[in-house]
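Results of the structural survey
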Amino acid sequence: MAMQHFILDFSLSTPVDPATTVPGLLSIFHEQEMTETVHDMKGHGYVATLVGEKGRVAILRVHSHGMVTIDVQCYEDDNVAQLDKLVTALENKVKVLLEGNITRIKRLPVLSRGAKIDRYWPTTDGRLLEYDFDQVLYDEDSAYQNIKILHSKQFGNILLLDGDVNLAESDLPYTQAIMGNGKENFEGKEVLILGGGDGGILAEMVKQKPKMITMLEIDQKVIDGCRMHMRETCGNVLDNLKGDCYQVLVEDCVPVLRQYVQEERMFDYVINDLTAIPISTEPEEDSTWDFLRLILDLSIKVLHPSGKYFTQGNGVNSTEALSLYEEQLGKLSCPVEFSKHVACVPSYLELWVFYTVWKK
């Protein structure tokens, strides 16, 4: 059962004596039949925990450096509206007790913790986002990852892989950005897509009348889920793994790329939609960086001398990771140049960096 968490903060211009503030606030809790336990903070202000019926818990803290914080928790089957009124009463009481001393009041939206549908996901730079997810449409574990497709009221259905938001039905700007922002002529060209199991790039690329699109996607379960629940993104291109101008190979792209290198096969465009670059440089991310370097090198080897390689980077605030990626571009077996641009991808709720790479 989910827990509802109310958070109310007051920033003060000067510290206050708990004796002048706490009694008035405790009286409001007492009206809800909540009883307190006061804790010895050894000179670091005042803290009381309060408990009531149905598992209600509150924490009242008067900080020694000039702040008052109130947390109230209840279960979702409790009278949440009544608890909301309690927090409003506490807010109004503090305003009266500390009139002229309050510099800021912050009341956060109610947090829902432990719900069946997880609505909270971090940005690449560690900020917390709350989505309006209301339904789990698909939840499968493959040999490679956990695959979820959730419904959002504003973004439509959203694909998440191992907890990372990948693409929503609203995210045509992502697909346009990773295809060159409408500046490329794909007609009659050979195109290679790495990853792309949501079908978004494939669906848009087919409209451009290329000679042939080859898509390498390792995970059949991603394709299956998106074919059923991401129709606004993929249309009907995933209904069959072969079409007039495309083929989808459900294979690991690395051995296939190596085979293409041996065969000296060339593509006019390579679009890498496998993964964002790592946001961390810690040892546990080393394997991901090694993988990205390998994909980069193999992709450039199968790229026509006048061709282009498109890929996503990461959030604009992940500056260290983006710099490290750009360093890798200078270490490839074939010298390259690159450009980058920033796009607003609706469901990411942060600006995203995309790269275009070509041979010198």
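Just above sits the structure.
Below you will find a few notes about this structure. (Residues numbered from 1 in each chain as written. Predicted model: local features only at pLDDT ≥ 70, side-chain atom pairs only at ≥ 80, totals over all residues. Heavy atoms only, no water.)

Here the structure, examined in full by the defined rule, presents 17 salt bridges. Here Arg127 and Asp125 are joined by a salt bridge, their closest N and O atoms 3.1 Å apart. The exposure class assigned to Arg127 is partly exposed, which follows from its relative accessible area of 38%. Among the residues examined, Asp125 registers a relative accessible area of 32% and is labelled partly exposed. For Lys340, the salt bridge goes to Glu326, with nearest N and O atoms at 2.8 Å. With Lys340 in strand 20 (residues 336-345) and Glu326 in helix 9 (residues 319-329), this residue pair connects regions lying 14 residues apart in the sequence. Bridged by salt links that share partners, the residues Asp84, Glu91, Lys95 and Arg107 form one connected network. (Salt bridge = Lys/Arg side-chain N within 4 Å of Asp/Glu carboxyl O. Buried < 20%, exposed > 50% of the residue type's maximum accessible area, 1.4 Å probe, protein only. Helix = DSSP H or I, 4+ residues; strand = E, 2+ residues; numbered from the N terminus.)

Positionally, Ser11 belongs in strand 1 (residues 3-12). Residues contacting Ser11, with those up to four places away along its chain left out, are Gly66, Asn101, Ile102, Thr103 and Arg104. (Contact = heavy atoms within 4.5 Å.)

Cys253, Val254, Val256, Leu257 and Tyr260 are the residues of helix 7 (residues 253-263) that are buried. Down the axis of helix 7, the buried side of the element spans an arc of 165 degrees, and every buried residue falls inside it. If you check the start of helix 7, you find a side-chain oxygen 3.0 Å away from the backbone N of Val254, and it comes from Asp252. Among the residues trailing helix 7, Glu264 stands out with phi positive, at a value near 60 degrees. (Arc of directions from axis to C-beta. Polar contact = N/O pair within 3.5 Å; in protein donor to acceptor, adjacent residues only side chain to side chain.)

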